[in-house]
Amino acid sequence: MMKLFQLHMALSPRAKFLIGVLSFALPIALWCIVSYVPAVWHPQVLITNAGSTDYLQIGMRMDRQAFDSEVAGAKAEGRAPPEGVRSNPIYLPSPSEVAAAFYQSFTTPPPTQDGEWLHQSLWHSIQIIFWGFLISSIIGVPLGILCGAYAPISRLFEPFVEFFRYLPAPAFGALAVAILGIYDGPKITIIVIGTLFQQILIIANTTRKLDGALVEAALTLGAKNSQLLRRVVLPGILPDLYRDQRILLGWAWTYLIVAELIGTTSGITWFITQQARYQHFPNVYAAITMIGILGLGMDMILALLSRRLFPWDRSLAKSN
Amino acid sequence: MTPSRSEAGLLPSYLDQSDDVRERFDRIKARDVILKVERLGKTFRSAVGTTLALDDINFSTHRREFLCVVGPSGCGKSTLIRILAGLEEKSGGQVLLHGRPVSGPGRDRGMVFQGYTLFPWLTVKKNVMFGLEVNGAAGDQAEREALQWLQLVGLEKFANAYPHQLSGGMKQRVAIVRALANQPRILLMDEPFGALDAQTRARMQDHLLEIWKKIDITIIFITHDLDEAIFLGDRILVLSPHPGRVQELIEVPVRRPRTAMQCILPEFLAAKARLEELIHQSTADDEREAYPAVARLTDVADDVE
């Protein structure tokens, strides 16, 4: 056991796998205990029989103290006491309920006429992310590389970018709606504003970290300016650039919910707010889980891909 | 100042040359001057003031000469070679290659660094092709030449390996042929074997001499290893520190071809004694007092010697 906690100790593949499984199993186990063991938490009572109390209905939830005093009152007066089981508040559904909602969201049509399937909402969200991240990258990646490679360009852009990145992207929501209307335009804009400025700075830094000796070696081999950029700087930073893009894509996802609230609510955010309004909390959790699975899945695919793309990259052997 | 071994009469003078060594030097000096360094100076400016790194450096090398540069740390030997390579601006004087002043890096001066500096994203073959390609050679032509160069250092089997799959000695062989593939007039080597273990280093020294014999190349080789300098060099440029100045340009009195056995010959030892004397002189003032006598911290009865 002590051996596991040595600083910088590498884990065996088996230990790595098991601990990785635990990382998900532990929170789920905690959730199960809170949901299925009545002695743990369960601050409310779900009414199964209203008894003689006329304002109670089957399926209602009430605080345990209020329920207990109601039961005591009824008994004292010789009336039939209400019956119920201990339960958690409606906003904490059990894992099985969420799993069922997850399954149903793909099998049962939406209850309301203007409703969307979960996957339709998700698909809309993915498109927003895609366009936002693409536009940001088309500007941010080249500009970041140029800032990292050439000091004058860095001096010209980076002070302003440093300033701008502190402005919270959602603050531009109203402005974006005024300029771009209420549909997808302002949402994509928020993602771009949230991502672009960090992107320029991070990629500029990554570019600056390139081993200067490689550039010098290329110079002594006769490489000139544009060749240096194309044949040394770009391939030299590519694995790190790819890693940066993975992290930035994660950030873009975190801007999604805010972005989708702007103008007409859409996508997965619309699904979540709609379901929450009807107190379909299992659906809300299913949708949130879906975002997590999508994000993690995408990142894992990108990580696997990077091993194929950059077979020479030694830092890959260490991470993942 | 303690008398050196040569002054004590135990060794011949490092200036004594056997007839064949002297004839060899005459032949070298009869060849064209490839590189001429005149009144070269370098001043670094920083927030704390200016530092004179190199002061009035003068020397020249002839075609196919092997010139070693030695000196204590701080003598500016790396700065010198970086100026020759065009990676550093000089503050004064000039560098003439074939009589023409050079500025900035160029393919006529190849460079091998201590840290290998192979491009990790390119295979061994592509690394060697790099210089050819940026100078406009066609792809298949560059590939053919690269494979020939790899054959020269016995690495054709590793043509498609990535640098991280090679040992340190192999990496440095690739770095050498990568520089040579451009067919430079002069090969600059900045402590190229400094990171290698002793055995690999010795083999690389033999290998480098083999390569040097086979192709038309002039080598300037920086090292802090005096044995290495004597083993490899025709002449040795000794620099003194703060600021870097030429202390002496020594003609190595050891015959060629060189073998490891020669390191016990009187002429080898004489050259080494002279180098040690020069370097000792120039480091004495800064370094000798820097190490205090160590107080005893063990039991008196417990001696290791």
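Only a predicted model underlies this, so the values are computations on that prediction, with no experimental measurement involved. (Residues numbered from 1 in each chain as written. Chains lettered and ligands numbered in written order. Predicted model: local features only at pLDDT ≥ 70, side-chain atom pairs only at ≥ 80, totals over all residues.)

Let us now look at the overall build of chain B. Across its full length, chain B carries eight helices and ten strands. Computed over C-alpha atoms, the radius of gyration of chain B comes to 21 Å, within 12% of the 19 Å expected from 2.2 N^0.38 for 305 residues, which places it in the range of a compact globule. By principal-axis analysis of the C-alpha atoms, chain B measures approximately 70 × 55 × 50 Å. The long-range fraction of contacts in chain B, counting pairs at least 24 apart against all pairs at least 6 apart in sequence, stands at 70%. (Helix = DSSP H or I, 4+ residues; strand = E, 2+ residues; numbered from the N terminus. Rg over C-alpha atoms; globule rule 2.2 N^0.38 Å. Contact = placed C-beta atoms within 7 Å.)

Now for the interface of chain B and chain A. Taken together, the contact between chain B and chain A spans 21 residues of the former and 16 residues of the latter. Mapped onto the side of chain B that touches chain A, the elements with two or more residues apiece are β6 (109-112) and α3 (124-134) of chain B. Among the residues making up the side of chain B that touches chain A, the classes are represented as eleven nonpolar, eight polar and two charged. (Nonpolar A, V, L, I, M, F, W, Y, C, P; charged D, E, K, R; others polar.)

This part covers the environment of A:Lys187. Residues and elements named next belong to chain A. The residue lysine 187 is located in helix α7 (residues 184-208) in this model. Among the residues examined, lysine 187 registers 34 C-beta atoms within 10 Å and is labelled buried. The sequence separation of lysine 187 and alanine 176 amounts to eleven residues, and the corresponding C-alpha distance is 8.1 Å. If sequence neighbours within four positions are ignored, lysine 187 has contacts with Ile128, Ala259, Glu260, Ile262 and Gly263. (Buried ≥ 20, exposed ≤ 12 C-beta atoms within 10 Å, placed from the backbone.)

Residues and elements named next belong to chain B. Spatial ordering of the open sheet is given by β6-β7-β8-β3-β9-β10, a layout of six strands whose pairing is mixed. Unpaired on one side and paired on the other, β6 and β10 (245-251) mark the two borders of the sheet. On average, each strand axis in the sheet is tilted by 20 degrees relative to the strand beside it, whichever way the strands run. As paired elements, strand β7 (residues 186-190) and strand β8 (residues 218-222) share five bridges and run parallel to each other. Across the sheet, aspartate 190 pairs through a bridge with isoleucine 222, a residue of β8. (Pairing = 2+ DSSP bridges. Axes fitted to C-alpha atoms, helices over the stretch in contact; angles between N-to-C directions.)

It is worth spelling out the domain arrangement of chain A at this point. When its domains are assigned, chain A resolves into domain 1 (39-89) and domain 2 (118-318). With centres defined by C-alpha atoms, the gap from domain 1 of chain A to domain 2 of chain A works out at 52 Å. (Domains from an automatic or database assignment.)

Residue and element names in this part refer to chain B. Burial runs high along strand β9 (residues 235-240): five of the six residues are buried. Where strand β3 (residues 66-70) lies against β9, four bridges are found, and the strand directions are parallel. Paired with leucine 67 across the strands is arginine 235, a residue of β9. Sheet topology note: the β9/β10 ladder contains six bridges and is antiparallel. When the bridges of β10 are listed, leucine 237 appears paired with leucine 249.

This paragraph deals with the packing of helix α6 (residues 173-180) of chain A against α7(A). Residues and elements named next belong to chain A. As a packed pair, α6 and α7 sit with axes 8 Å apart at the nearest point and diverge in direction by 140 degrees. Put simply, α6 runs oblique to α7. Considering only the axes of α6 and α7, their crossing is right-handed. Here Gly173, Ala176, Val177 and Leu180 of α6 come into contact with α7, specifically with Gly185, Pro186, Thr189 and Ile190. Grouping the constituent residues of the contact of α6 with α7 by class yields five nonpolar, three polar and no charged. (Parallel < 35°, antiparallel > 145°, perpendicular 65-115°, else oblique. Left-handed = near helix turned anticlockwise from the far one by under 90°.)

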